[in-house]
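Per-entry structural report
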Amino acid sequence: MTKRVVLIGHPVAHSLSGAMQQAAFDSAGIDARYELWDRAPIALADAIAEVRGDEFLGANVTIPHKERVVPMIDKLTEEAQATGAVNTLTREGRRLVGHNTDVPGFVAALDKLVGRQKMPRQAVVLGAGGGARAVVHGLIRASFQRVIVFNRHLHRAEGLVRYFARSAAHMDLKAMPWHESIIESELAKTKVLINATSIGLNSDVSPVPAEVLSGDLLVLDLIYNRTRLLRDAEAAGANALDGEIMLLHQGAAAFALWTGQPAPLEVMSQALSEARAEGVRSAEGEPAGERADAVPETATPAG
Ligand code: NDP
C-alpha cells in the first residue's frame, strides 16, 4: 500500500516541501506520496483525525496551524512543548506525536552562519510568530545570554518572552517595542541578527534601514530568498544567510522521523534548488489567506 504524508496548511498550493520530500521518498525507494492539503482553521480538527489512519506515515503542519494544532495532539516532544508549536506529526498506532523540526533546522542554519567563529552570546530577533519561537528556543539551547525580541505588535513578543520565562531564567530575554532607534542601539551591542518576520517575503523591503547594519554582524533571514535585508547586510560587509538551510534541515529531520532512515540531504537540496529555479514559492512562510504575489506590506519597514 502506498503510504501517505500530508502537508496541512492554508495556503499550501506551491509548497517547496512537496518537491523536496517526494524526491527524498523516491530516491530512498519508499513507496510514499507527499500530498498538499489546504485546510482552513475550521477544517483542521477533521484533517488531524484523518491522519491517524494506518495509511499515513505522518504529516507536516504549517502556517497558520503550527500553534493551533498543539491541543489536538496526544503527545509532544520536548521541542514542541518548549516552543508551543508543532510542524511535524508522527503516528504511534492511532496516537499522534507532535514534533518541532524547525528547531534543528534553525540550529543547522545558525551553525552555518557562525562557521568557525566562537558562538556569539547576543542576538536580536525580529518577529514573534511560530518561526521566532523555534529561533528563540534554539538560541537558548545554544547558550546565548542576551536575546532581544522586536515585534510590530509588542504584546506578541511579550507573550513569547513569558512563554520562555522558565527556560530563559538564567539569561536576558526581553521584548522591546519596534522603534528604529531602539533596534539600532541594540544592534550596536549584538553580533547576530535574525529576521523571523515575513517582511521581505512578498516585496523588496527590509525590516531595518541599511545604515544600522555593520560589517561585524551575522545576519540570518528565515525567508528563503536573497532578500533586501541580506543584500544590505552583504553590502555592509556582514555575513548573511537565507532560510534555505533551515527549510532543508527541518525537512530532513521530518523525513527521518517518518521513515526511520537518514534523509538523503543531497537529493533534497537538489530538489529544493530545482523547485526554486522553476519559480516555486514556498507556502510555508506565506501569510494565511494571502497570495504571495499580491500582498502589499503594511508595516513601515525601511526602503
Ligand atoms: P507567523 O505568521 O507566525 O509570524 C509572522 C511574523 O512576521 C510576526 O512576527 C509578524 O508580526 C511579522 N510580520 C508580518 N508582516 C509584517 C509587517 N508587514 N510588518 C511587521 N511585521 C510583520 O509566521 P512564521 O513565524 O511561521 O514565519 C515568519 C517568517 O519565517 C516567514 O517569512 C517564513 O517564510 C519564515 N520561516 C522560515 C522557515 C524556514 O524553514 N526557513 C521556517 C518557519 C518560518 P505581528 O505579530 O506584529 O503580526
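Counting of residues starts from 1 at the beginning of each chain's written sequence and follows it residue by residue. With pLDDT at 70 or above as the cut-off, local features in this predicted model cover only qualifying residues; side-chain atom pairs require 80 or more to be listed or tallied, and sums for whole chains, interfaces and linings still use all residues. Hydrogens and water are ignored here; the side-chain numbers use all heavy atoms of the structure.

This part is about the sheet that holds strand 1 (residues 3-9). The sheet built from six strands is open, its strands ordered 2-1-3-5-6-4 with mixed pairing. Whereas interior strands pair on both sides, the edge strands pair on one side only; in this sheet they are strand 2 (32-38) and strand 4 (75-76). In the sheet, strand 4 pairs with strand 6 (residues 95-99) via two bridges, with the strands oriented parallel. Residue pairing for strand 6: L76 is matched across the bridge by G98. When checking whether two residues touch, look at their non-hydrogen atoms; a contact exists if any pair is within 4.5 Å. Simply put, an axis is a line fit to the C-alpha atoms, just over the touching stretch for a helix, and the angle between two N-to-C directions goes from 0 to 180 degrees. Runs of E in the DSSP output that reach at least two residues are strands. Runs of H or I that reach at least four are helices, and both are numbered from the N terminus. Contacts between helix 1 (residues 16-27) and the sheet are confined to strand 1, strand 2 and strand 3 (56-61), with strand 2 contributing the most and set at about 165° to the helix. When DSSP finds two or more bridges between a pair of strands, those strands are recorded as paired.

Helix 9 (residues 244-259) packs onto helix 4 (residues 102-114) with a crossing angle of 140° between their chain directions and a minimal axis gap of 7 Å. Judged by the angle between their axes, helix 4 and helix 9 are oblique. Handedness of the crossing formed by helix 4 with helix 9: right-handed. Of the residues in helix 9, those touching helix 4 at D102, P104, G105, F106, A108, A109 and K112 are I245, M246, H249, Q250 and A253. What sets the label is the angle itself: under 35 degrees gives roughly parallel, over 145 gives roughly antiparallel, 65 to 115 gives roughly perpendicular, and the rest give oblique. Helix crossings get a hand from a simple test, with the near helix turned counterclockwise from the far one by less than a right angle marking a left-handed crossing and a clockwise turn marking a right-handed one.

On to the nonpolar core. Nine residue types can take part in a nonpolar core, namely buried Ala, Val, Leu, Ile, Met, Phe, Trp, Tyr and Cys, and a core is a set of them joined through side-chain atoms within 4.5 Å. Exposure classes here rest on a 1.4 Å probe applied to the protein chains alone. A residue is buried below 20% of its type maximum, exposed above 50%, and partly exposed in between. Membership of the largest hydrophobic core comes to 31 residues, with the highest contact counts inside it found for F106, L139, V147, V149, L173, I194 and L220. Contributing elements (two or more residues each) for this core: helix 4, strand 7 (122-126), helix 5 (130-141), strand 8 (146-151), helix 6 (154-163), strand 10 (192-195) and strand 11 (218-221). For V149, the contacting residues outside a window of four places in its chain are V125, G127, A128, V136, A157, L160, L173, K174, A175 and M176. Membership of the second largest hydrophobic core comes to 21 residues, among which are V12, F25, Y224 and L248.

Honestly, that's just the spatial picture; any functional story needs more than this.
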